[in-house]
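So you can see what is in the structure, the chains are spelled out below.
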Amino acid sequence: MSYQLYRNTTLGHTLQESLDEQIQLGQISPNLALKVLLQFDKAINQALANRVKVKISFKGKLNTYRFCDNVWTFVLNKVDFREAPVQEIVKVDKVKIVACDGKSM
């Protein structure tokens, strides 16, 4: 099973809206729309795991953290992001990081 985190991205929302519209117009069944979403979950998780090569480090002040159902959630304040090897720094006031165990997919 793949995580469904990426359905809450712009791409995921757009896909869901398009599928809903096609269901309303009778062009596809709800069952087919669900299969498309499950394939999206699988494909986006595989693509991010295998194709992304850039490494980013970050440093900030930990506000809150939580571990539930093998998912870590961190909220950090005053965060500095660095992309290796460029070392350009991007500063952000607040960021939420959700981390899932890739081995359980």
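Each value, and the rule that gives it
Residues numbered from 1 in each chain as written. Predicted model: local features only at pLDDT ≥ 70, side-chain atom pairs only at ≥ 80, totals over all residues. Heavy atoms only, no water. Helix = DSSP H or I, 4+ residues; strand = E, 2+ residues; numbered from the N terminus. Polar contact = N/O pair within 3.5 Å; in protein donor to acceptor, adjacent residues only side chain to side chain. Expected span 1.5 Å × (residues − 1). Contact = heavy atoms within 4.5 Å. Pairing = 2+ DSSP bridges. Axes fitted to C-alpha atoms, helices over the stretch in contact; angles between N-to-C directions. Parallel < 35°, antiparallel > 145°, perpendicular 65-115°, else oblique. Left-handed = near helix turned anticlockwise from the far one by under 90°. Nonpolar A, V, L, I, M, F, W, Y, C, P; charged D, E, K, R; others polar. Phe/Tyr/Trp six-rings, centres within 6.5 Å; stacked < 30°, edge-to-face > 60°.

**Observations regarding the side chain of asparagine 45**
Here comes step 1: Take asparagine 45: it is sitting in helix α2 (residues 30-51).
Here comes step 2: Here the side chain of asparagine 45 touches aspartate 41 through a polar contact of 2.6 Å, landing on its backbone oxygen.

**Focus on α2**
Here comes step 1: The terminal C-alpha atoms of α2 lie 31 Å apart, and with 22 residues this matches the ideal 32 Å at 1.5 Å per residue to within 8%.
Here comes step 2: Buried residues in α2 make contact with α1 (10-24).

**Details of the pairing of strand β1 (residues 55-68)**
Here comes step 1: Two strands pair when backbone bridges link them, and β1 and strand β2 (residues 71-84) are joined in this way by 12 bridges, in the antiparallel orientation. Bridge assignment links cysteine 68 to a residue of β2, and that residue is valine 71.

**What to know about the packing of α1 against α2**
Here comes step 1: Direction vectors running N to C along α1 and α2 enclose 165 degrees, while the axes themselves pass 10 Å from each other. Classified by the interaxial angle, the pair formed by α1 and α2 is roughly antiparallel. Between α1 and α2 lies a crossing whose hand is right-handed. On α2, the residues touching Leu11, Gly12, Leu15, Gln16, Leu19 and Ile23 of α1 are Pro30, Ala33, Val36, Leu37, Phe40 and Ile44.
Here comes step 2: Considered class by class, the residues forming the contact of α1 with α2 number 10 nonpolar, two polar and no charged.

**With respect to the packing of aromatic side chains**
Describing an aromatic ring pair means giving the distance of the ring centres and the angle of the ring planes.
Here comes step 1: Enumeration according to the criterion identifies four aromatic pairs in this entry.
Here comes step 2: Seen in terms of ring centroids, phenylalanine 58 and phenylalanine 81 are 5.9 Å apart; in terms of plane orientation they differ by 45 degrees. Their pairing is tilted. With phenylalanine 58 in strand β1 and phenylalanine 81 in strand β2, the pair connects residues that are 23 residues apart, well separated along the chain.
Here comes step 3: Ring geometry for tyrosine 65 versus tryptophan 72: centroids 6.5 Å apart, planes at 40 degrees, classification tilted.

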